[in-house]
Amino acid sequence: MGSSPLPVTRTRIARLAAASALLLLTGCAKEGISPQGQEVHRLFVIIMILAAPVFLGVEAVLIWCIVRYRKRDDDPAPQTVGGSRSLVVFFAIPAVIIAVLFPFGEATLMNIERRETPQVQIKVEGFQWEWTFLYLNEGLFVAGKTLVRPAVMVLPVDEPVQIQLVSRDVIHSFFVPDLLFKRDAIPGRTTTFTFTPTKLGTFHGQCAEFCGLWHSRMTFDVKVVAPLDYQAWIKQQRKKAQGITCEPQGTTLSLIAHNISWNQFCLAVPANTPFTVDITNQDVGIQHNFSIYDSFFEKKKYFTSPRITGPDSETLNANPLPPGHYYFQCDVHGPAMSGAFIVK
Amino acid sequence: MAVTQAPTRELTPEPRGRLLVWLTTTDHKKIGILYLVNSFSFFTVGGIFALLMRTELARPGQQLIGAHAYNELFTIHGTLMIFLVIFPILAGLGNYFVPLQIGALDMAFPRINALSFWLLPVGGLTILSGFLAKGGAAACGWTCYAPLNEQLGTGVDLWLAGLILVGTASILGAINFIVTILRMRAPGMTMMRLPVFVWGILATSLLVILATPVFTAGLIMLFADRRLGTSFFDPAHGGVALLWQNVFWFFGHPEVYMLILGAWGVVTEILSVFSGRPIFSYRGVVLSFLMITALSFTVWAHHMFATGAVELPFFSITTELISIPTGVLFFVWLGTLWKGKLRFEVPMLFALGFIALFLIGGIDGVWAASPAMDFAIHDTYWVVAHLHYVLFGGTLFGIMAGMYYWFPKMSGRMLSRKLGQWHFWLQFIGFNVTFFPMHILGLRGMPRRIADYAPDRGWSFLNLVSTIGAFLIAISLLIFFANVLTTLRKPRSAPADPWRANTLEWATSSPPPPHNFDALPAIHSGRPVYDARVAEAGPTDRGSR
């Protein structure tokens, strides 16, 4: 009854599994599209080299015991126990492994946290449930649309990029697997880090901190392009932003928020005349408001409404504005829900 | 002597009907069984939730359940498995076996013992009742981070209320265990003769009374934020979102050790019994348990490396230091097997499986302990793999070892060995098929807690494999439940000591009488039952320790 052939089969299976597991793990790890990411990949391999003998050693001794020390007769097993000396050895072995491992980890950490003078500075805003990338030096932004299209961060190859990470609502996490890096976007904090993409291509990114209903759809792309293509893209984006214009059609504006976006990208009112804004929020359980600024840098605020939780609507009265090119947005979602506000 | 009086207590309730006996019992053995029945019921619920999630993730695109339902399921799955399954199973085994292993009549405070049990099903059902509330159950993960936890509906309030009850239950239980172990030991049962399982429960209880009140306070603060207008955690009103994470993980990391110290005790004892050897270094085990208990309070922020707001080197080195006492345990386990006479009974299979799998869960934690590496794998499926290798491959295999080991003592009946072997192999294979691929998914950048994924990410195949594994686990557990239910219909035939074991619970009948012991053997070592067996066999060799 007691002797089945199972342990022997188990030996082979376990050995095979161990070998293939190691291969799989090193083979599947991403190697990184930035020097920082490549450093982390190197650390991954170093820990693998330290961990593999521990794994193989323990499993081998375990399997050896199972095969060799199966009960075969009724003689009692030796009743010896280990003394203080063996206990010291038991403590020493893992201590030595840690003593080797820890400095490698710290060295990598220092390398990836080294600050470089950034050529591109991007303020990254996370909100439920998309991203906005504000190019601070270029004065433009790109936004994604929840459930419709992810935001695309275009970057020039080989230039250090500084990310200033913020959140408009709950905690999110900016995660690009090919950078082997993520950092939490925390409301009330700005977190800064730099990296240098050195490989052309489009790489997927995604929120990594659970942030509510559509967390799984909070994706974005990082598109690394040649410097000339980057300049061309900047120019094109600027043109697109400036090209938005519209004419006043009376003093009553009507605006609908649906699926976390406005139904209009451009609003216009006559100069020096009071006007009213009708806001309808069709998003159940989601807050929106309506504010007018000088630009998306929000240096000067001309008008702001209280937050409206959908479904609901409200009519707001606004004071006259001098002629000019303004900017409106929902403060809950930022530039992702914004447009041009023209006073003529 | 108390022994002669005790039976009268059980004679009176008998006419009151069986249900009432179970509802009003203060007998630690009955309460222990109540714990197990309650926990395995919630285990079934949490397991079905896991199967639903795995089925949804088998292919990209939404098939079975929507995003909101998925978010509710992983939240309640984690909450139930941690607070109402793993911890209470260990507490239940502790309830049944700590008094027996130390030669006591009962727990120190039998009525508080009953109270701390009955709070559990109430707390668990309160959490589950969220599914009936407007807006559904809490959908914020078992960690329920701020300020998302301020945003969601009534389900979060029910989640908070349930956890406050469960937390109170475990604090009461921990006090009871500590007093029982310190004050109720039989003559001769010195601290350094305590069975290792009792040490595991003692260390767990110390963790509970130091860490759980902090968590309970945090839960009450969050409730006040949500319903009484305070703003501890809400940055929109001047609170600090990261404060929640600090409070949560100050408890949450010791919690991991609350979930495994008891299982380490079970496995260490079983390895010793079924290899016919004393524990290779009893002192090493006790020292490791105590070191881990102390160190576990210094590592909480390793869950927060990616916030960029914690001291990275400090929390990295303390985390890596924990692998030293944990490494010692592995040496002791292997040293116990070395030159033994191994009997591959079902409890032993699970104990050996525990070593093989917990090793992986320990090692893959080392990557996450290094902050630079953690930036890559934090909140990915790597972490899901890691935590399941620790809590399922580790603790749950240890719990199953304990269930097969102690079932004859609790019920007077031996579980089927054949079904037990099927259970073990299916669970062992199914577990690895489910959770090993998650390491690779994590390295390929699949975040945890996502209801869906795009087909172009290269995650589809491994998710399918993982789902198949989950169903293998489900089949193995059905075999276990079938084994238990069919065995319970058989006549009581288990001997007092079916395994040739070492500790005091095997010195009394199976199941034990209400007063536990008709007579206690002399206790001259940590293995009184072994000593008695050797003395009976003849004066050839003596006990150890």
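None of these values were measured; they are calculated from a predicted model.

A. Layout of the nonpolar core. Residue and element names in this part refer to chain B. Counting 272 residues, the largest nonpolar core has Ile-86, Ile-270, Phe-350, Met-373 and Ala-401 as the members making the most contacts within it. Broken down by element, this core gets its largest block of residues, 21 residues, from helix α17 (residues 381–411). Residue contacts for Ala-401: discarding those within four places in its chain leaves Val-266, Val-267, Ile-270, Pro-347, Phe-350, Ala-351 and Phe-354.

B. Structural context of the confidence of the model for chain A. Model confidence for chain A is summarised by a mean pLDDT of 90, while 92% of its residues fall at 70 or above. Low pLDDT, under 50, characterises residues 1–5 of chain A; the stretch is placed with two contacts to residues that sit more than four places away or in other chains.

C. Representation of the environment of Thr-212 of chain B within the structure. All names here are of chain B. With respect to the secondary-structure elements, Thr-212 resides in helix α9 (residues 196–227). Taking the C-alpha atoms as reference points, Thr-212 and Gly-252, 40 residues apart in sequence, are found 8.7 Å from one another. The residues contacting Thr-212, other than those within four sequence positions of it, are Gly-167, Ser-170, Ile-171 and Phe-251.

D. Geometry of the domain arrangement of chain A. Residue and element names in this part refer to chain A. The domains assigned to chain A are domain 1 (6–67 + 88–113), domain 2 (120–242) and domain 3 (252–343). Listed per partner, the contact involves nine residues of domain 1 and eleven residues of domain 2. Of the residues in the side of domain 1 that touches domain 2, the class split is three nonpolar, five polar and one charged.

E. Geometry of the confidence of the model for chain B. With 96% of its residues at a pLDDT of 70 or more, chain B has an overall mean of 93. Segment residues 1–13 of chain B: pLDDT under 50, and 13 contacts once partners within four positions in sequence are set aside and those in other chains are kept.

F. Structural context of the sheet that holds strand β4 (residues 151–156) of chain A. Residues and elements named next belong to chain A. Strand order in the open sheet made by the five strands is β4-β10-β9-β6-β7, with mixed pairing throughout. In the strand order of this sheet, the two ends are held by β4 and β7 (181–185), each with one partner. Across the sheet, the mean angle from the axis of one strand to that of its neighbour is 25°, orientation sign disregarded. Summarising the sheet, strand β9 (residues 201–207) and strand β10 (residues 219–225) pair through six bridges and their orientation is antiparallel. In the sheet register, Phe-203 faces β10, and the bridge partner there is Val-222. Together, β4 and β10 form the strand contacts of helix α4 (residues 227–242), whose direction differs from that of β4 by roughly 130°.

G. Representation of the interface of chain A and chain B within the structure. Between chain A and chain B, the residue contacts involve 70 residues of the former and 74 residues of the latter. It is helix α3 (residues 84–113) of chain A that provides the largest number of residues to the side of chain A that touches chain B, a total of 15 residues. Here the residues of the side of chain A that touches chain B sort into 46 nonpolar, 14 polar and ten charged.

H. Focus on the packing of helix α5 (residues 67–101) of chain B against helix α8 (residues 154–183) of chain B. All names here are of chain B. Packing of α5 against α8 leaves a shortest axis separation of 11 Å and a crossing angle of 20°. Viewed along their axes, α5 and α8 adopt a mutual orientation that is roughly parallel. Note on packing geometry: the crossing formed by α5 with α8 is left-handed. Residues Thr-79, Phe-83, Leu-84, Phe-87, Ala-91, Gly-94, Val-98 and Pro-99 of α5 form the contact with α8, whose own contacting residues are Trp-159, Leu-163, Val-166, Ser-170, Gly-173, Phe-177, Thr-180 and Ile-181. In terms of residue class, the contact of α5 with α8 is built from eleven nonpolar, five polar and no charged.

Parameters and conventions
Residues numbered from 1 in each chain as written. Chains lettered and ligands numbered in written order. Predicted model: local features only at pLDDT ≥ 70, side-chain atom pairs only at ≥ 80, totals over all residues. Core = buried A, V, L, I, M, F, W, Y, C linked by C-beta atoms within 7 Å. Buried ≥ 20, exposed ≤ 12 C-beta atoms within 10 Å, placed from the backbone. Helix = DSSP H or I, 4+ residues; strand = E, 2+ residues; numbered from the N terminus. Contact = placed C-beta atoms within 7 Å. pLDDT = per-residue confidence, 0-100. Domains from an automatic or database assignment. Nonpolar A, V, L, I, M, F, W, Y, C, P; charged D, E, K, R; others polar. Pairing = 2+ DSSP bridges. Axes fitted to C-alpha atoms, helices over the stretch in contact; angles between N-to-C directions. Parallel < 35°, antiparallel > 145°, perpendicular 65-115°, else oblique. Left-handed = near helix turned anticlockwise from the far one by under 90°.

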